[in-house]
Amino acid sequence: EAAVTQSPRSKVAVTGGKVTLSCHQTNNHDYMYWYRQDTGHGLRLIHYSYVADSTEKGDIPDGYKASRPSQENFSLILELASLSQTAVYFCASRGSSYEQYFGPGTRLTVL
Amino acid sequence: GDKVKQSPSALSLQEGTNSALRCNFSIAATTVQWFLQNPRGSLINLFYLVPGTKENGRLKSAFDSKESYSTLHIRDAQLEDSGTYFCAADTNAYKVIFGKGTHLHVLP
């Protein structure tokens, strides 16, 4: 069974503060993704990576940075958190079969 | 417009009845995934499809790449089937595109 973990599971941040969300996978997958989900909406892609030390912009990258220091780890960084970034964030990994596996999500509240 | 359109957006079913959910694609989808987001928020993999059909218990899914749609059939709906069903299309471009989901409520 594929395993993707995220930390923290929930976080409260202040406007203008820095937030780092972490994702770890033990699937030996090359691709990793960060999505955000807003209430009542589907998932929107923020950043993705298909190899360590390289990241790519997704559909809504503004206000977010990503880091892939190793195959197993993928971080999402909010340098200056804003109210509009309150959402649930999901990490996912994908291997050569193209099937995506998701982590449990991180609920971020920016006050 | 939406590249992956799900219908209906919401659905209430009596326990024990059947239903079908649909995704229409305006992109050249090569594979499709179906997920269930349960009331706790977890995303559960249901199906991963190349063109064709798959069945798992009371669930059956089909993907027709030529007609650009996929369906998810739920037979004998149970209370634990409640949640939001998402389809996601892959276009061989490293990323998948999600629909906005179908909110399913199974009534006792």
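Remember, it's a predicted structure, so these values are computed and weren't measured experimentally.

About the thresholds
Residues numbered from 1 in each chain as written. Chains lettered and ligands numbered in written order. Predicted model: local features only at pLDDT ≥ 70, side-chain atom pairs only at ≥ 80, totals over all residues. Heavy atoms only, no water. Disulfide = S-S within 2.5 Å. Helix = DSSP H or I, 4+ residues; strand = E, 2+ residues; numbered from the N terminus. Buried < 20%, exposed > 50% of the residue type's maximum accessible area, 1.4 Å probe, protein only. Contact = heavy atoms within 4.5 Å. Pairing = 2+ DSSP bridges. Axes fitted to C-alpha atoms, helices over the stretch in contact; angles between N-to-C directions. Buried area = accessible area lost by both parts, 1.4 Å probe. Salt bridge = Lys/Arg side-chain N within 4 Å of Asp/Glu carboxyl O. Polar contact = N/O pair within 3.5 Å; in protein donor to acceptor, adjacent residues only side chain to side chain. Nonpolar A, V, L, I, M, F, W, Y, C, P; charged D, E, K, R; others polar. Phe/Tyr/Trp six-rings, centres within 6.5 Å; stacked < 30°, edge-to-face > 60°. Lys NZ or Arg CZ within 6 Å of the ring centre and 35° of its normal.

Participant: An account of the state of the cysteines is requested, with residue identities and associated values reported.
Facilitator: A complete count under the given rule lists two disulfides over all chains for this structure. For Cys-23 of chain A, the disulfide goes to Cys-91 of chain A, at an S-S distance of 1.9 Å. Every disulfide takes its handedness from the sign of the S-S torsion; for Cys-23 of chain A and Cys-91 of chain A that torsion is -80°, giving left-handed. In this pair, Cys-23 of chain A is assigned in strand 3 (residues 19-25) and Cys-91 of chain A in strand 9 (residues 87-94), connecting sequence segments 68 residues apart. Across this residue pair, the class does not change: Cys-23 of chain A and Cys-91 of chain A are buried. Two residues share a disulfide in this structure: Cys-23 of chain B and Cys-87 of chain B, whose sulfurs sit 1.6 Å from each other. Torsion about the S-S bond of the Cys-23 of chain B and Cys-87 of chain B cystine: about -100°, corresponding to left-handed handedness. With a gap of 64 residues between them, Cys-23 of chain B in strand 3 (residues 19-25) and Cys-87 of chain B in strand 9 (residues 83-90) connect regions that are remote in the sequence. Overall, Cys-23 of chain B belongs to the buried group, its relative accessible area being 0%.

Participant: Describe the environment of Leu-79 of chain B, naming the residues involved and giving the relevant values.
Facilitator: All names here are of chain B. Inspection of the secondary structure puts Leu-79 in the loop between strand 8 (69-74) and strand 9. Remark: the alpha-carbon pair of Leu-79 and Arg-40, spanning 39 residues in sequence, is separated by 14 Å. Apart from residues no more than four positions distant in its own chain, Leu-79 is found in contact with Glu-15, Val-106, Leu-107 and Pro-108.

Participant: An account of the sheet that holds strand 8 (residues 73-78) of chain A is requested, with residue identities and associated values reported.
Facilitator: All names here are of chain A. Pairing within the open sheet is antiparallel, and its four strands lie in the order 1-3-8-7. Every other strand in the sheet has two partners, leaving strand 1 (4-7) and strand 7 (65-67) as the edge strands with one partner each. In this sheet, adjacent strand axes meet at a mean angle of 20° when their direction is disregarded. As paired strands, strand 3 and strand 8 are joined by six bridges and run antiparallel to one another. When the sheet's bridge partners are listed, Leu-21 is paired in strand 8 with Leu-76.

Participant: Any details on the sheet that holds strand 1 (residues 4-7) of chain B? Residues and values, ideally.
Facilitator: Two strands in a sheet stick together by hydrogen bonds in their backbones, pointing the same way (parallel) or opposite ways (antiparallel). Residues and elements named next belong to chain B. Read from one edge to the other, the open sheet built from five strands follows the order 1-3-8-7-6, with strand pairing classed as antiparallel. The two strands at the open ends of the sheet, each matched to only one other strand, are strand 1 and strand 6 (52-56). Averaged over all pairs of adjacent strands, the angle between strand axes in this sheet comes to 15°, irrespective of strand direction. Of the pairings in the sheet, the one linking strand 6 to strand 7 (residues 59-64) comprises five bridges and is antiparallel in character.

Participant: Tell me about the pairing of strand 9 of chain B, and please be specific about residues and values.
Facilitator: All names here are of chain B. In terms of residue burial, strand 9 counts as a mostly covered element, since eight of its eight residues are buried. Bridge analysis of strand 4 (residues 31-37) against strand 9 gives seven bridges, and the strand direction is antiparallel. The partner of Thr-31 across the bridge, within strand 9, is Asp-90. Pairing geometry for strand 9 and strand 11 (residues 102-107), over three bridges, is antiparallel.

Participant: Tell me about the interface of chain A and chain B, and name the residues and values.
Facilitator: The interface is formed by 19 residues belonging to chain A together with 16 residues belonging to chain B. At the boundary of chain A with chain B, total buried surface from both sides reaches about 1700 Å², with 55% on carbon and sulfur atoms. Here chain A is connected to chain B by one salt bridge. With its nearest N and O atoms 2.4 Å apart, the salt bridge here joins Asp-90 of chain B to Arg-94 of chain A. On the surface where chain A and chain B come into contact, there are five residue pairs in polar contact (both at pLDDT 80 or more). Contributing elements (two or more residues each) for the side of chain A that touches chain B: strand 4 (31-37), strand 5 (43-51), strand 9 and strand 10 (100-102) of chain A. Here the side of chain A that touches chain B is composed, by residue class, of eleven nonpolar, five polar and three charged.

Participant: Before we move on, could you go through the packing of aromatic side chains and cite the residues and values that matter?
Facilitator: Taken as a whole and assessed by the stated rule, the structure comprises eleven aromatic pairs over all chains. Arranged with centres 5.4 Å apart and planes meeting at 80°, the rings of Tyr-35 of chain A and Phe-98 of chain B form a pair that is edge-to-face. Taken together, the residues Tyr-35 of chain A in strand 4 and Phe-98 of chain B in strand 10 (residues 96-98) connect one chain to another. Considered together, Tyr-35 of chain A and Phe-98 of chain B belong to a single accessibility category, that of buried residues. Joined through ring pairs, the aromatic side chains of Tyr-33, Tyr-35, Tyr-48, Phe-90 and Phe-102 of chain A together with Phe-35 and Phe-98 of chain B make up one cluster. Taking the ring centre of Tyr-31 of chain A as reference, the NZ or CZ of Arg-94 of chain A above it sits at 4.9 Å. One Lys or Arg, Arg-22 of chain B, reaches over the ring of Tyr-69 of chain B and ends 4.1 Å from the middle of that ring.

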